[in-house]
Amino acid sequence: MTTGLVAPEHEDWRHFARKALANRSFLTGAVITAFVVAVALVSFVWTPYDVTKLVIADRLQAPTASHWFGTDHFGRDILSMVMVGSRNSIAVALIAVGIGMAAGVPLGCWAAAKRGVADEILMRTSDIIFAFPALLSAVMITAIFGPGAVNAIIAIGIFNIPVFARVARGGALALWPREFILAARAAGKGAGLITVQHILPNIANLLLVQGTIQFSLGILAEAGLSYVGLGTQPPAPSWGRMLFEAQTMMSIAPHMAIVPGMAIIITVLGLNLLGDGLRDVLDPKLRREH
Amino acid sequence: MLFYALRRLFLVSITLLVASIVVFAVLEIVPGDPARLMLGINATEDAVAALRLQMGLDKPLVTRYFSWIGGMLTGDFGRSYTYSVPVMELVRERMVVSLPLALLALILSTTIAIPVGIFSAARRGTSADAGVMAATQVGIAIPNFWFALLLVYLFAVTFRLVPAGGFPGWDAGLGPALASLVLPAIALALPQAAILSRVTRSALLDVMSEDYIRTARAKGLPANTVLWRHALRNALIPVLTILGLQFAFLLAGTIIIENVFYLPGLGRLVFQAITQRDLIVVESVVVLLVATVIVVNFLVDLAYGWADPRLRTR
């Protein structure tokens, strides 16, 4: 009769793979995300054309066999720019998620372990941060401290902190009254050790799912900031910046806007599907019955 | 209910106070002298000193904060350096663009999302439901400013049905003014409608699995009566909460959308003020927007507490 006193077993990989392969949302999301990441990685070693090379003679070409997605107003190959732009989008969003996790998860776990005043302060602080429309604050931060990818990362990352703190706190609070945690406490383990050994492994699924959601939101936020000129700076290509440059060319070269827009949609869609699929596969309790 | 409202009001006041301190502090830690930043590197020392005096930068930090927040509470938001007019006047001028825009977007997103959510929930598991859900996934992934560009290309450039940008003012008549807000409102509303229709569907399906719905079915009520009379009313409670939260997104969204359509609203004002380093305008408008979000969420909380008495005791 010791089953209630041991930590829940982590799902073994074969079981996970079987469930994942049967989940359409997960599969589609994983394939799309893997494709986008692969494109970003390939762009480090190869792109069809040099994105820094301006070929005015080739400017504003519609999609052709030599330029699959056409060229922009400087004659740059749009496919190559979208490939290199994927790096920036992914890097900004990924590091912003990292910042949110690195600061938010310890805070959330700490609040759940301590409860009382610490918990109340964390919740009220996150309420205040949530009161600031994230985009408005990101615009304010990047504009004040200077436009650029690094400040965009910080601006997006700051708003990921309370999100991860709340998710970690919620997950940890549900675990603390469980018997295997009581057993660990009875064995003399402190709150920190229990958090590292028992709480974190059991809320990792929740954090992973939230991570994919914040990642996709980060891609959208970076595109928005770059579009208004506060994110990744030229000459580095970025999807948002490409859309800004396409705005005045819409009537003569609509492909300049359509291609980077589709790149953003496909990436965000892939991540959202992956997040939904992961939620279903990793935690049946969170599975959306509907 | 009164105790619940008072407790929420107290928390809202604290949140507003702290938010104002945060905005003030962020703008205080801007590297460099704000007066120098606002005037540019070519300004004379005298001009910088005069502006410092005008902005009260010679006074201690705490005094400046109280003087600023005291002014805000009495409707005196200070004077814009770039526009040389009271900030309150600027806010009033811009509010008549942004508020109708956000409200129009909210109305659009609700009128699209709730019927779509109901349609999908009523056909749960069918290919129609799957199609709608797939469409909402795409809707969530679309950046609203990209959608705005496509709308401009299609309806303003190709078909010439509405203006591509700008705002003629309400004096030009209701028709032209609304025509210039239609595309921005659609662009703002689409991603919100996608989220809201998923929430409506999910809330409705949650309610449909409740015992009282089973009872209603068991006593022979037609499926449509159960859906419209019993399920929908209860499902709308979480939808209301999401609507409150979406208001913040819509307000923030105006910053980019107003730039796409060259609309002279609050979002464009704050963006221009940031690039022109008109810090008085920035802090006033940001606090105003944050206060609006907090107050709207407070009203939604009250409505929620009124609709669901169990929440008042929490």
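Residues numbered from 1 in each chain as written. Chains lettered and ligands numbered in written order. Predicted model: local features only at pLDDT ≥ 70, side-chain atom pairs only at ≥ 80, totals over all residues. Heavy atoms only, no water.

An unreviewed UniProt entry lists chain B under the name ABC transporter permease, with Oricola cellulosilytica as the source organism. Recorded in UniProt under Subcellular location (unreviewed entry), the annotation for chain B is "Cell membrane". (UniProt positions renumbered as here; feature names shortened; annotations may be inferred.)

Under an unreviewed UniProt entry, the name given to chain A is ABC transporter permease, and the source organism is Oricola cellulosilytica. According to its UniProt record, chain A has this under Sequence similarities (unreviewed entry): "Belongs to the binding-protein-dependent transport system permease family." Taken verbatim from the UniProt record of chain A, the Subcellular location (unreviewed entry) comment is "Cell membrane".

(A) Examining the overall build of chain B more closely. Looking only at helices and strands, chain B features twelve helices and zero strands. Scored against the burial criterion, the 314 residues of chain B give a buried share of 47%. Here the contacts in chain B between residues at least 6 apart in sequence split such that 70% fall between residues at least 24 apart. For chain B, the computed accessible surface area is about 15100 Å², with 67% contributed by carbon and sulfur atoms. Computing the positive centroid from 24 side-chain charges and the negative centroid from 18, chain B places the two 13 Å apart. (Helix = DSSP H or I, 4+ residues; strand = E, 2+ residues; numbered from the N terminus. Buried < 20%, exposed > 50% of the residue type's maximum accessible area, 1.4 Å probe, protein only. Contact = heavy atoms within 4.5 Å. Areas by Shrake-Rupley, 256 points an atom, 1.4 Å probe, with all protein chains shown as cover. Lys, Arg positive; Asp, Glu negative; His and termini not counted. Charge placed at Lys NZ, Arg CZ, Asp CG, Glu CD.)

(B) Focus on the overall build of chain A. The helix and strand tally for chain A stands at ten helices and zero strands. In chain A, the order of α-helices and β-strands from amino to carboxyl end is α-α-α-α-α-α-α-α-α-α. If one aligns the C-alpha atoms of chain A with their principal axes, the spans along those axes are about 80 × 45 × 35 Å. Counting all 290 residues of chain A, 52% fall into the buried class.

(C) Representation of the packing of aromatic side chains within the structure. Tallied over the entire structure, the rule returns seven aromatic pairs over all chains. The interplanar angle of 70° and the centroid separation of 5.4 Å between the aromatic rings of Tyr65 of chain B and Phe66 of chain B together place this pair among those described as edge-to-face. Of the residues examined, Phe66 of chain B reaches a relative accessible area of 54% and is grouped as exposed. Each ring, one from Phe167 of chain B and one from Trp170 of chain B, has its centre 5.7 Å from the other, and the planes form 75°; the classification is edge-to-face. Taken together through their ring pairs, the aromatic side chains of Phe24, Tyr65, Phe66 and Trp68 of chain B make up a single cluster. In this arrangement the basic side chain of Arg87 of chain A is found over the ring face of Phe44 of chain A, its NZ or CZ atom lying 4.3 Å from the centre. (Phe/Tyr/Trp six-rings, centres within 6.5 Å; stacked < 30°, edge-to-face > 60°. Lys NZ or Arg CZ within 6 Å of the ring centre and 35° of its normal.)

(D) How the structure looks around the UniProt feature "domain: ABC transmembrane type-1" (unreviewed entry) in chain B. Sequence positions flagged by UniProt for "domain: ABC transmembrane type-1" (unreviewed entry) are, in local numbering, residues 95-300 of chain B. Within the segment residues 95-300 of chain B, helix and strand shares are 83% and 0% respectively, and the terminal C-alpha atoms sit 22 Å apart.

(E) Spatial organisation of the interface of chain B and chain A. On the side of chain A, 37 residues touch chain B, which itself brings 45 residues to the contact. Linking chain B with chain A are one salt bridge, by the criterion used here. The salt bridge partner of Arg198 of chain B is Asp276 of chain A, with a shortest N-O separation of 3.8 Å. Counting every contact that joins chain B to chain A gives three residue pairs in polar contact (both at pLDDT 80 or more). Going through the elements one at a time, helix 1 (2-28), helix 6 (127-141), helix 7 (144-158), helix 8 (174-208), helix 10 (223-260), helix 11 (266-275) and helix 12 (279-307) of chain B are the ones with two or more residues in the side of chain B that touches chain A. Ranked by residues supplied to the side of chain B that touches chain A, first place goes to helix 1 of chain B with eight residues. (Salt bridge = Lys/Arg side-chain N within 4 Å of Asp/Glu carboxyl O. Polar contact = N/O pair within 3.5 Å; in protein donor to acceptor, adjacent residues only side chain to side chain.)

(F) View of unusual backbone geometry. All names here are of chain A. Put simply, Pro234 and Pro235 share a cis peptide bond, and its omega is 10°. Here Pro235 shows up in the loop between helix 8 (191-227) and helix 9 (239-247). Residues other than glycine seldom take positive phi values, yet Leu60 does so here, at roughly 55°. With respect to the secondary-structure elements, Leu60 resides in the loop between helix 2 (24-45) and helix 3 (78-114). Classification of Leu60 by relative accessible area gives partly exposed; the value is 24%.

(G) Molecular detail of the environment of Met55 of chain B. All names here are of chain B. With respect to the helices, strands and loops of the structure, Met55 is situated in the loop between helix 3 (45-54) and helix 4 (61-73). A sequence separation of 21 residues divides Met55 from Pro34, and the C-alpha atoms of the two residues are 9.3 Å apart. Not counting residues up to four positions away in its chain, the partners in contact with Met55 are Pro34, Ala35, Met38, Arg64 and Ile280.

(H) Up close: the UniProt feature "transmembrane region" (unreviewed entry) in chain A. Residues and elements named next belong to chain A. Listed under "transmembrane region" (unreviewed entry) in the UniProt record, and renumbered for this structure, are residues 26-46, 90-113 and 252-274. Annotated as 95% helix and 0% strand, the span residues 26-46 places its first and last C-alpha atoms 29 Å apart. For residues 90-113, the end-to-end C-alpha separation is 34 Å, with 100% helix and 0% strand making up the annotated structure.

(I) Summary view of the confidence of the model for chain B. Residue and element names in this part refer to chain B. In the predicted model, chain B carries a mean pLDDT of 86, and the fraction of residues at 70 or more is 97%. For chain B, the element scoring lowest by mean pLDDT is helix 2 (residues 34-39), at 74; helix 6 scores highest, at 93. Two numbers describe this predicted complex: its pTM, 0.86, and its ipTM, 0.84. (pLDDT = per-residue confidence, 0-100.)

(J) Spatial organisation of the UniProt feature "transmembrane region" (unreviewed entry) in chain B. All names here are of chain B. In the numbering used here, UniProt assigns the feature "transmembrane region" (unreviewed entry) to residues 9-30, 97-122, 134-156, 176-196, 235-257 and 285-307. Helix makes up 100% of residues 97-122 and strand 0%, with an end-to-end C-alpha separation of 38 Å. For residues 235-257, helix accounts for 100% and strand for 0%, while the C-alpha atoms at its two ends are 31 Å apart.

(K) Local environment of helix 10 (residues 255-282) of chain A. The end-to-end C-alpha separation of helix 10 of chain A is 40 Å, in line with the 40 Å expected for 28 residues at 1.5 Å each. With 24 of 28 residues buried, helix 10 of chain A is to be regarded as a mostly interior element. (Expected span 1.5 Å × (residues − 1).)

(L) Seen up close, the pattern of salt bridges. Residues and elements named next belong to chain A. Scanning the entire structure with this criterion turns up ten salt bridges over all chains. With a closest N to O distance of 3.5 Å, Glu245 and Arg76 form a salt bridge. Residue Glu245 is found in helix 9, and its partner Arg76 is found in the loop between helix 2 and helix 3; the two are separated by 169 residues along the sequence. Of the charged contacts in the structure, one is a salt bridge between Glu120 and Arg124, with a shortest N-O distance of 2.4 Å. In this pair, Glu120 and Arg124 both sit in helix 4 (residues 116-131), four residues apart, roughly one turn of the helix. Overlapping salt bridges bring together Asp72, Arg76, Arg241 and Glu245 as one network.

(M) Spotlight on helix 7 of chain B. Spanning 15 residues, helix 7 of chain B covers 20 Å between terminal C-alpha atoms, matching the ideal 21 Å at 1.5 Å per step. At Val152 of chain B, helix 7 of chain B is bent by approximately 30°, the largest bend along its length. When we look at burial in helix 7 of chain B, the residues that qualify are Asn144, Phe145, Trp146, Phe147, Ala148, Leu149, Leu151, Val152 and Ala156 of chain B. The inward-facing, buried residues of helix 7 of chain B abut helix 8, helix 9 and helix 10 of chain A together with helix 8 and helix 10 of chain B. Arg160 of chain B sits one or two positions beyond helix 7 of chain B and adopts a positive phi of about 50°. (Bend = angle between axes of the 7 residues up to and from the residue.)

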